[in-house]
Amino acid sequence: MHILRPQFRIEQDLALAFAAARGFGAIVAADARGPRASHVPFVIERRDDRVIVQIHLTAKNPLVELADGVRRFLLIVSGDDAYISNDRYVSRDNVSTWLYESVHLSGVAHLRGLDENRGHGDALLAASEARLPKQPWDLAQMEPTKREQMLSAIRVINLVVDEIEGQSKLNQHKSDADYVALVNRLADAEETASRRLAAKMRALRPELEYQNTEWRAGRVSEA
């Protein structure tokens, strides 16, 4: 990942927390034909001093045979983004740009045995179901034969992370006037992603005066 400015860099522990909270990304590796990628849910584990991202793929996915314990994989985890037009600022002649947050986790990928499929399924479901306001569903509720058929059709891969990169490009380098003008525009946008970015930007400079919002004790509420 190319970090555009030092103030955009996400510290490693925060980058891991960001990735874990998202729980979904694109896994990429290359063979003789070039890059291959799949979109996958994942769980992150800390084992001793190691960070391990565990994913699964269907058994026929070409990435499975690339997880040979030698080849490097890259997991790309993206957050919200928003296009920013030049005329959204107070000052003149800014560069139109995109705001975004993203984390890259890379390392060597290891294919796991079929005996790990159930444990991975349980861990992934626990993390995913916790995102929903309902009683969690788990594999124990599935008809046993169907469950075993489903689990036998996947392969689990451990990505042993040795490089953590994160970037939060939220116009931290802009003047207060331009920053406030942009936050106000994002907060008024129809897109939920833009409004979430506005809230994060307010949190970075809570001392500034924003339109139609009050910032108190770390919370944003409509004025």
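Residues numbered from 1 in each chain as written. Predicted model: local features only at pLDDT ≥ 70, side-chain atom pairs only at ≥ 80, totals over all residues. Heavy atoms only, no water.

Draft legend 1. Representation of the pattern of salt bridges within the structure. Following the criterion strictly, the structure yields twelve salt bridges and no others. The salt bridge partner of Arg-72 is Asp-162, with a shortest N-O separation of 2.8 Å. Of this pair, Arg-72 sits in strand E5 (residues 68–84) while Asp-162 is found in strand E7 (residues 154–169), placing the two residues 90 residues apart along the sequence. Residue classification places Arg-72 among the partly exposed positions, given a relative accessible area of 41%. Linking Asp-80 and Arg-196 is a salt bridge whose minimum nitrogen-to-oxygen distance equals 2.7 Å. Here Arg-196 lies in helix H5 (residues 192–204) and Asp-80 lies in strand E5, a separation of 116 residues in the sequence. Relative accessible area serves as the criterion here: at 17%, Asp-80 is assigned to the buried category. Of the residues examined, Arg-196 reaches a relative accessible area of 43% and is grouped as partly exposed. (Salt bridge = Lys/Arg side-chain N within 4 Å of Asp/Glu carboxyl O. Helix = DSSP H or I, 4+ residues; strand = E, 2+ residues; numbered from the N terminus. Buried < 20%, exposed > 50% of the residue type's maximum accessible area, 1.4 Å probe, protein only.)

Draft legend 2. Representation of the side chain of Arg-205 within the structure. If you trace the backbone, Arg-205 turns up in the loop between H5 and strand E8 (213–216). In this structure the side chain of Arg-205 is engaged in a polar contact, spanning 2.6 Å, whose partner is the backbone oxygen of Gln-172. (Polar contact = N/O pair within 3.5 Å; in protein donor to acceptor, adjacent residues only side chain to side chain.)

Draft legend 3. Examining the packing of helix H4 (residues 176–187) against H5 more closely. One way to put it is that H4 packs onto H5 with a least axis distance of 7 Å and a crossing angle of 145°. With respect to the hand of their crossing, H4 and H5 are arranged in left-handed fashion. Counting all contacts with H4, which are made through Tyr-179, Leu-182, Val-183, Leu-186 and Ala-187, the residues of H5 involved are Ser-194, Arg-195, Ala-198, Met-201, Arg-202 and Leu-204. Here the contact of H4 with H5 is composed, by residue class, of eight nonpolar, one polar and two charged. (Axes fitted to C-alpha atoms, helices over the stretch in contact; angles between N-to-C directions. Left-handed = near helix turned anticlockwise from the far one by under 90°. Contact = heavy atoms within 4.5 Å. Nonpolar A, V, L, I, M, F, W, Y, C, P; charged D, E, K, R; others polar.)

Draft legend 4. The arrangement of the nonpolar core in detail. Counting 27 residues, the largest nonpolar core has Ile-27, Val-53, Ile-55, Phe-73, Leu-75 and Leu-105 as its most contacted members. Listed by contribution, the elements that provide at least two residues to this core are helix H1 (12–22), strand E1 (24–31), strand E4 (50–58), E5, strand E6 (97–111) and E7. Ile-84, Leu-186, Ala-198 and Leu-208 belong to the second-largest nonpolar core, a separate cluster that totals 15 residues. (Core = buried A, V, L, I, M, F, W, Y, C linked by side-chain atoms within 4.5 Å.)

Draft legend 5. Main features of unusual backbone geometry. A positive phi angle, close to 60°, is found at Asp-93, a residue other than glycine. Residue position: Asp-93 is located in the loop between E5 and E6.

Draft legend 6. Examining the pairing of E6 more closely. The element E6 is largely enclosed, with a buried count of eleven among its 15 residues. Pairing geometry for E5 and E6, over twelve bridges, is antiparallel. Bridge pairing links Ala-82 to Leu-99 in E6. Note that E6 and E7 share twelve bridges and pair antiparallel. Bridging from a neighbouring strand, Ser-102 pairs with Gln-167 of E7. (Pairing = 2+ DSSP bridges.)

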